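# Descriptive analysis of the structure
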Amino acid sequence: NGEMLNIIKNKSNKDYLLKMIKNDTIVCKKATTNEEYCYFHRMLSKTLKDKHDSTPTHSCDELLLLKTILKTQQLLYLVKEGELIYGGIYVIKATSTCWYTVYMTRNIDLEKSKQATSSIAIIYAVYSIYKDALLEGVKYVDYGICVEDSGNILNVGLADFKERSLGGKSNARYLFLI
């Protein structure tokens, strides 16, 4: 979708995204199996532990329970190359006009040569979410807060990433794609 590409301000991220979209071997798919959800949870847990000394709010079992309860009102977007998962975003369709991203993570365990692809995977997943949201008439995709320490500290780097790389509008705590 050209509209989404036009709002991404970071030129190199836009260029990498275009290359990824044109690469037939790298795809963004919606997860269907419990194994995919659990793998995503392990990636998320490792990223939060290694980068932020934190843990996900939900356990893997709770994430699977959300999948069961919410059915089609939740989606897990995974960027994959064959069986290799670069990253993903877990989304809840909060209302008919707003989707909310609960978790996003890249695969930090990939060898150095795959790290750039892993970083751009999040932007590819956002692009896919944006396309699907437009098809369903969604007006906003909320990419969540940019704070740490229970909301006491603004994570300026995360806010900047979300605005420049994801092309949204932010009030420094929340990012919305319109």
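This text follows the structure it describes.
All residue numbers refer to positions counted from 1 along the written sequence of the respective chain. In view of the model being predicted, local features appear only for residues whose pLDDT reaches at least 70, and side-chain atom pairs are presented and counted only at 80 or more, with totals across whole chains, interfaces and linings using the full set of residues. Side-chain descriptors were evaluated using all non-hydrogen atoms of the structure, hydrogens and water having been removed beforehand.

It is worth spelling out the overall build of the protein at this point. Each helix and strand counted, the protein has six helices and nine strands in total. Counting the 178 residues in the protein, one finds 44% classified as buried. Note on definitions: a residue-residue contact is assigned when non-hydrogen atoms from the two residues lie within 4.5 Å. In the protein, once contacts between residues fewer than 6 apart in sequence are set aside, the share between residues at least 24 apart is 61%. Exposure was quantified through the Shrake-Rupley algorithm and a 1.4 Å probe, taking into account, for residues, occlusion by the shown protein chains and nothing else. Of the roughly 9,500 Å² of accessible surface on the protein, a fraction of 53% belongs to carbon and sulfur atoms. By definition, any uninterrupted DSSP run of H or I lasting at least four residues is a helix, any uninterrupted run of E lasting at least two residues is a strand, and each is numbered from the N terminus. Under the scheme applied here, a residue whose accessible area is under 20% of the maximum for its type counts as buried, over 50% as exposed, and between as partly exposed, the area being computed with a 1.4 Å probe on protein chains only.

The next thing to look at is the side chain of Lys 67. For Lys 67, the location among the structural elements is in helix α4 (residues 60-70). The side chain of Lys 67 is buried and forms no salt bridge, while Glu 36, the nearest opposite charge, is found at 7.7 Å. Polar contacts involving the side chain of Lys 67 include one to the main-chain carbonyl oxygen of Thr 32, which spans 3.3 Å. Non-local contacts of Lys 67, meaning those with residues more than four positions away in its chain, are made with Thr 32, Thr 33, Asn 34, Tyr 37, Gln 74 and Tyr 90. Counting rule for charge: Lys and Arg are taken as positive, Asp and Glu as negative, and neither His nor the chain ends is counted. By convention in these notes, a salt bridge is any Lys or Arg side-chain nitrogen within 4 Å of a carboxyl oxygen on Asp or Glu. Under this definition, polar contacts are N or O atom pairs within 3.5 Å; protein pairs additionally need one hydrogen-donor-capable and one acceptor-capable atom, and for neighbouring residues in sequence, both atoms have to be side-chain atoms.

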